[in-house]
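Here's the letter readout for the chains.
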Amino acid sequence: MSAITRFPIVSSSALCRLSQIVAAKNNLILNHLPTLSTVIPMPPKRSIQTSAIRYDIDSAAKYIGAGAATVGVAGAGAGIGTVFGSLVVGYARNPSLKQQLFSYAILGFALSEAMGLFCLMMAFMLLFAF
């Protein structure tokens, strides 16, 4: 309680005048500071330009991406070979499960072929859609 009584009570008009003086001094200081554009010169703005070299680089990137996407088709072919190879081995071990093994093999074939078609679709999209 004694800390509060140490400070004199100041009227609101005195506070107003004090804030005006502080604002005026801040304006004087800020007006004399250099702006960012005078310290660091900005280069002139240019519009985006495309050239023949840029087009060639984009075309090369499309062909490289399409070639990388078609690698998945080879993986699908290997997957199909593995599925039907396992079907032959399973049928040789237990001929009574022929129908059930064949349905699993067709499901594996469909999933493997779908992944290959997705890779091929991505290759064609890279070549012709972008």
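Residues numbered from 1 in each chain as written. Predicted model: local features only at pLDDT ≥ 70, side-chain atom pairs only at ≥ 80, totals over all residues. Heavy atoms only, no water.

Put simply, the rule reads: UniProt positions are given in the numbering used here, feature names are shortened, and annotations may be inferred rather than shown by experiment.
In the nomenclature of an unreviewed UniProt entry, the chain is known as ATPase protein 9 of Didymodactylos carnosus. Entered under Sequence similarities (unreviewed entry) in the UniProt record, the comment concerning the chain runs "Belongs to the ATPase C chain family."

### Points about helix α5 (residues 71–93)
Definition in use: Per the convention used, a helix needs a DSSP run of H or I reaching at least four residues, while a strand needs a run of E reaching at least two, with both numbered from the N terminus. Every helix has an expected span of 1.5 Å times one less than the residues it contains. Categorising residues by exposure relies on relative accessible area from a 1.4 Å probe, with only protein chains included: less than 20% of the type maximum marks a residue as buried, more than 50% marks it as exposed, and the intermediate range marks it as partly exposed. Throughout, a contact is declared for two residues whenever any of their heavy atoms are within 4.5 Å.
Taking 1.5 Å of rise per residue, 23 residues should cover 33 Å, and α5 covers 34 Å from first to last C-alpha, within 8% of that figure. Taken together, the buried positions of α5 are A76, I80, L87 and G90. Where α5 is buried, its residues meet α6 (98–128).

### Some words on the UniProt feature "transmembrane region" (unreviewed entry) in the chain
Here, UniProt's "transmembrane region" (unreviewed entry) annotation points to residues 63–89 and 101–129. End C-alpha to end C-alpha, residues 63–89 measures 40 Å, and it is 96% helix and 0% strand. Its end C-alpha atoms 41 Å apart, residues 101–129 is made of 97% helix and 0% strand.

### Side note on the packing of aromatic side chains
This is how the line gets drawn: Geometry of aromatic contacts follows a simple scheme: Phe, Tyr and Trp rings, the Trp one being its six-membered ring, pair when their centres are within 6.5 Å, and the pair is stacked under 30 degrees between planes, edge-to-face over 60, tilted otherwise.
This model, assessed by the stated rule, comprises two aromatic pairs. Geometrically, the ring pair formed by F124 and F128 is stacked, given 6.2 Å between the ring centres and 20° between the ring planes. With a gap of four residues between them, F124 and F128 both fall in helix α6, about one helical turn apart. F124 gets classed as partly exposed once you look at its relative accessible area, which sits at 46%.

### Overview of α6
One turn of the α-helix equals 3.6 residues, which is why residues spaced by three or four share an orientation. An ideal rise of 1.5 Å per residue puts 45 Å on 31 residues; α6 measures up with 44 Å between its terminal C-alpha atoms. What α6 keeps buried is the set A105, S112, G116 and A123. Turning to α6, the residues buried within the fold contact α4 (52–69) and α5.

### Some words on the packing of α4 against α5
Definition in use: Fitted lines through C-alpha atoms give the axes, limited to the stretch in contact for helices. The angle between two N-to-C directions lies from 0 to 180 degrees. If an angle is under 35 degrees, it is roughly parallel; if it is over 145, roughly antiparallel; if it lies from 65 to 115, roughly perpendicular; otherwise it is oblique.
Viewed as axis vectors pointing N to C, α4 and α5 meet at an angle of 5°, and their least axial separation amounts to 4 Å. Considering the angle they form, α4 stands roughly parallel to α5. For the pair formed by α4 and α5, the contact residues are G67, A68 and A69 on the first element and V71, G72 and V73 on the second.

### Structural notes on the environment of G81
By secondary structure assignment, the location of G81 is in helix α5. Among the residues examined, G81 registers a relative accessible area of 45% and is labelled partly exposed. Along the sequence, G81 and F109 sit 28 residues apart, while their C-alpha atoms lie 8.8 Å from each other.

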